[in-house]
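Coordinates in review
Single-letter residue listing:
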Amino acid sequence: MNAVTSVVRGACHHDCPDTCAWEVTVTDGVAVNLRGDPSQPFTDGQLCPKVNPFLDRVYHPNRLLRPLRRVGPKGEGRFEPIGWDAAIAEIADRIGEAVARHGGETVLPYSLDGTQGLVQKGVLADRFFSALGATQLNRHICGVTAWHGAADVLGMPLGADPTEIASARTIVLWGTNTLLTNRHLWPYVEEARRNGASVIVVDPVSTMTAQRSDWHVQPRPGTDVALVLGIIDVLDRDGLVDEERVNTAASGWPELRAEARALGLDSASSITGLAEADITSLAHRIAHERPAVLRALIGMEHREHGHDIHRAVAALAVVSGAEYMRSTQVYFDTAFADIVPPSGPQRTVNMSALGAALTDASLQPPITVLLNYGCNPAAITPDQNRVLAGLERDDLFTVVIEQFMTDTARYADIVLPVTTQIEQLDLMNAWGHLYVSLNLPAIEPLGECLPNTEIFRRLASALALDAAGLADSDEQVARDLLASGHPWLDGITYERLQRDGWARLAVPAGWSALTDREIPLAPPSPPGSGTGVQSRSLGPVRLGALRYRPAAESLSGDSELARCYPLALMSLKQHQRFLNSHYGGFEHHLPDPPQPRLDISAVDAEARGIVEGDQVRVYNGRGELFTTAAISERLQPGLVTMPFGWWAGNADARTVNVLTNAAVGGDDPAVGSAAFHDTLVEVEPAADARRTANGASS
Ligand SMILES: Nc1nc2c(c(=O)[nH]1)N[C@H]1C(S)=C(S)[C@@H](COP(=O)(O)OP(=O)(O)OC[C@H]3O[C@@H](n4cnc5c(=O)[nH]c(N)nc54)[C@H](O)[C@@H]3O)O[C@H]1N2
Ligand SMILES: Nc1nc2c(c(=O)[nH]1)N[C@H]1C(S)=C(S)[C@@H](COP(=O)(O)OP(=O)(O)OC[C@H]3O[C@@H](n4cnc5c(=O)[nH]c(N)nc54)[C@H](O)[C@@H]3O)O[C@H]1N2
Ligand code: SF4
Ligand SMILES: [Mo]
């Protein structure tokens, strides 16, 4: 018989700004090839080193293919297979009992962007938890702080279409590692460069992007607000601020200027560690070599004052007349809305503070059920020892919906096997461009795997929940999302996406929220209700006072803490074949050598008697880990770095998050994300640590 081959269109589900469109070739029901869709301009036919071998992940021998029930102690990873009906019945019973005893808020959903698809990530799960009256998770670990910082200035933080970077003459990649984290933007950067643009990277670390830039501006970590104020001071001093434009477009310029003058270029220089001449030159480049673009993404938000940093960069764009670019997520959030409104309000828990929420004995009601999907909290959440202490609780019933036996899944009472992107239907938004895509299932689910949506449909039915939309099919959810009537979805139908795979949101080319302060609205629903208003004014841009504040857990913060732990640790996205925690447990994705090493400057290493390749103990008041030291000439003294995304299973029992700061940054605990990068540590040769442990030295 002849083989039957088809090509099915879809898009990558990863938590990555690029949301590449792809094509899966299927022969006799087996996916045999995956490649980037050459027709989608941003993807341009290329995936990435992480995802080129994605079919190996789909067909990996360690894929979870059946529901499992724990038989050993939590964390040990011993399970027995059970059937779906038994698994769903047991979960429904346990949820029912817990809710009867404590109320719905005893249930905590814990999820993030394991898949970014609108259907699988959220809609049905959100409806399920809302109907249950569960605690609401504030997903403030990625992007929300950046959002708020920019929103303080812009009202709604819509940056320009990133592809417009191609026509800039000055490109400032401000705290974003484009080549690693957003690689499909790089060709647009190169296009600008061919036309004479210069590329400036502002980053305390010499990242791969910094190494490929024309100028790497390397401030001390967390000092960007002082840098921005220094630049504004120069622009003001040298008559480079178009006062009329700024005062017309924005409120609060006099207050911001007063802060810049009060700090002054000299203090900006001493705080950031940058020469006055460099700050001056950066200011002049942004002012003179136009168009200039300031591009920020996420990383800088992972600080106590990350909110201020993102606000500062947005404010600088307004003052200098540069274009501002950031995540495009807001465009999609504006265009798409679930047709079922959430109930509530319920109590909220900030996901960055999971360890505290699970171990806080005074929390009322206590969290006794944890439903985890699309996220690996045992590896990615700060203050890992506390998170693990929570997951170990005997009175916590934990369900993990996963593709693999992750660090978190090992703590589950029940593990449910879930489909991968090529086995499920989804509507994909993006945060690095303006293309929406439809992901069609290319193959049947492997083993007994089910998509998230079907699991929540079955749970809703077993619990006899009575609310709208709980039984909707995946296709129905996608169709309803596309039918919001928002002008940015004009002409984008399910059928069109079935045919073409993708479509650009109907945002007019060149539209900029900095200059065009009106955004269109969806028509009222149902038709005829509401005011019939067609657009909303974003109001004036807001500048206002802005002041540099050192983080408490930084070398300029709590002096006692800095004396005990005199090195600042940044835990970075660093490996080309990692995507957050997805591939940490996969041999073929590990770097060479296959270990999460500690990078330390030659000065700091020498002061501690550490040489290249030494085993070291890295520690602070939260925890410790053992690893190998790599001496780096490029690292500024006082700073050490480690990669993030490893699993404890292959990183010697603990990952870098055993050290990281779970303090929720900013002035509002409901808003801030974890201050991962405001972490202080000390490092010592592992041999010394062992001697201390054995009592051989003091
Ligand atoms: N130290 C440190 N920690 C960090 C960061 C850092 O820079 N440093 N970065 C933070 C940031 S920005 C982020 S976004 C988080 C990311 O943290 P996570 O959200 O945990 O990361 P992912 O690896 O994207 O996804 C987690 C899991 O989703 C699962 N998954 C994939 N698709 C599906 C699906 O369709 N259904 C279900 N149920 N599961 C699926 C994968 O198997 C994977 O195990 O980490 C944060 N933690
Ligand atoms: N290959 C790969 N790509 C990814 C991911 C991945 O794990 N691997 N993860 C995805 C996810 S979830 C996200 S959120 C994005 C993140 O995308 P980015 O925001 O581009 O990446 P990050 O590495 O989080 O942070 C960018 C840079 O910010 C710098 N930084 C930290 N603190 C400061 C500061 O105080 N000032 C300045 N100026 N810079 C600072 C860091 O040194 C880092 O180089 O990447 C996505 N893409
Ligand atoms: S991880 Fe990012 S770059 Fe790689 S295929 Fe997915 S969307 Fe594209
Ligand atoms: Mo993220």
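All values reported here derive from a predicted model rather than from experimental measurement.

Glancing now at the pattern of salt bridges. Applying the stated rule across the entire model yields 37 salt bridges. Across the salt bridge formed by Arg70 and Asp413, the nearest N and O atoms sit 2.8 Å from each other. Separated by 343 residues along the polypeptide, Arg70 in strand β4 (residues 68–70) and Asp413 in the loop between β16 (397–402) and β17 (414–417) bring together distant segments of the chain. For Arg70, a relative accessible area of 23% puts it in the partly exposed group. Residue Asp413 is classed as buried on the basis of its relative accessible area of 12%. Salt-bridge contacts for Arg597 lead to Glu612; the nearest nitrogen and oxygen are separated by 3.9 Å. Here the residue Arg597 occupies a position in the loop between β24 (567–572) and β25 (598–601), and Glu612 occupies one in the loop between α21 (602–607) and β26 (615–619), the gap between them amounting to 15 residues. Judged by its relative accessible area of 46%, Glu612 falls in the partly exposed class.

Once that is clear, we can look at the side chain of His486. Within the secondary structure layout, His486 lies in the loop between α18 (474–482) and α19 (494–500). Here His486 falls in the buried class, since its relative accessible area comes to 2%. Polar side-chain contacts of His486 include one of 3.0 Å to the backbone nitrogen of Trp488. Within the structure, His486 has its side chain in polar contact with the backbone oxygen of Pro520 (distance 2.9 Å). In this view, His486 contacts Thr334, Ala335, Pro520, Leu521, Ala522 and Pro523; residues no more than four positions away in its chain are not counted.

Let's shift gears to the domain arrangement of the chain. What the domain assignment reports for the chain is domain 1 (5–58), domain 2 (68–140 + 341–426 + 439–484), domain 3 (144–326) and domain 4 (559–697). One C-alpha centre belongs to domain 1, the other to domain 4; they are set 34 Å apart. Residue-level contacts link 10 residues of domain 1 with nine residues of domain 4. When the buried area of domain 1 at its contact with domain 4 is split by residue, Pro49, Lys50 and Arg57 rank highest and sum to 63% of it. Across the contact surface, domain 1 and domain 4 share two residue pairs in polar contact (both at pLDDT 80 or more).

Here we take up the site of ligand 2. Around ligand 2, 32 residues are found, and the nearest of them are Thr176, Asp203, Asp224, Arg303 and Asn580. At a separation of 2.9 Å, an oxygen atom of ligand 2 approaches a polar backbone atom of Gly222. Across the complex, the protein chains shield 98% of the 900 Å² of accessible surface that ligand 2 would expose by itself. Listing elements by their share of the shell around ligand 2, those giving two or more residues are α5 (178–181) and β24. Looking at the shell around ligand 2 residue by residue, the classes come out as 16 nonpolar, 10 polar and six charged.

On to the packing of helix α4 (residues 144–154) against helix α12 (residues 306–320), then. Two numbers describe how α4 lies on α12: the axes approach to 7 Å, and their chain directions differ by 40°. Judged by the inter-axis angle, α4 sits oblique to α12. Remark: the crossing between α4 and α12 carries right-handed chirality. Every residue of α12 that contacts α4 at Thr145, Ala146, His148, Gly149, Ala150, Asp152 and Val153 is listed here: Gly306, His307, His310, Arg311, Ala314, Ala315 and Val318. Residue composition of the contact of α4 with α12, grouped by class: six nonpolar, six polar and two charged.

Before going further, it helps to examine the site of ligand 3. Close to ligand 3 lie Cys12, His14, Cys16, Asp18, Thr19, Cys20, Leu47, Cys48, Lys50, Val51 and His184. Classifying every residue of the shell around ligand 3 gives six nonpolar, three polar and two charged.

About the criteria used
- Along each chain, residue indices are assigned from 1 in the same order as the chain's sequence is written.
- Following the order in which they are written, the chains are lettered starting with A and the ligands numbered starting with 1.
- In view of the model being predicted, local features appear only for residues whose pLDDT reaches at least 70, and side-chain atom pairs are presented and counted only at 80 or more, with totals across whole chains, interfaces and linings using the full set of residues.
- Only hydrogens and water are removed before side-chain values are computed, so all heavy atoms of the structure are retained for them.
- Whenever a carboxyl oxygen of Asp or Glu lies within 4 Å of a side-chain nitrogen of Lys or Arg, that contact is scored as a salt bridge.
- Under the DSSP-based scheme used, a helix requires at least four consecutive residues in state H or I and a strand at least two consecutive residues in state E, with every element numbered from the N terminus.
- Any residue under 20% of the maximum accessible area for its type is buried, any over 50% is exposed, and the rest in between are partly exposed; the area is computed with a 1.4 Å probe on protein chains only.
- In protein, a polar contact requires one atom able to donate a hydrogen and another able to accept it; more generally it is a pair of N or O atoms within 3.5 Å, and residues adjacent in sequence count only if both atoms are side-chain atoms.
- Any two residues whose heavy atoms approach within 4.5 Å at even a single point are treated as in contact.
- Where each domain starts and ends follows an automatic or database-derived domain assignment.
- Buried area adds together the accessible area that both of two parts lose upon being put together, with accessible area traced by a 1.4 Å probe.
- Being near a molecule or strand, for a residue, comes down to having at least one heavy atom within 4 Å of it.
- The protein chains shown are the only cover counted for residues, whose accessible areas, like all others here, come from Shrake-Rupley with a 1.4 Å probe.
- Amino acid classes used here: Ala, Val, Leu, Ile, Met, Phe, Trp, Tyr, Cys and Pro are nonpolar; Asp, Glu, Lys and Arg are charged; the rest, including Gly, are polar.
- Fitting a line to C-alpha atoms yields each axis, with helices limited to the stretch in contact; the angle taken between N-to-C directions then spans 0 to 180 degrees.
- Relative orientations are named as follows: roughly parallel for angles under 35 degrees, roughly antiparallel for angles over 145 degrees, roughly perpendicular for angles from 65 to 115 degrees, and oblique for any other angle.
- Crossing handedness: left-handed means the near helix sits turned counterclockwise from the far one by under a right angle, and right-handed means the same turn made clockwise.

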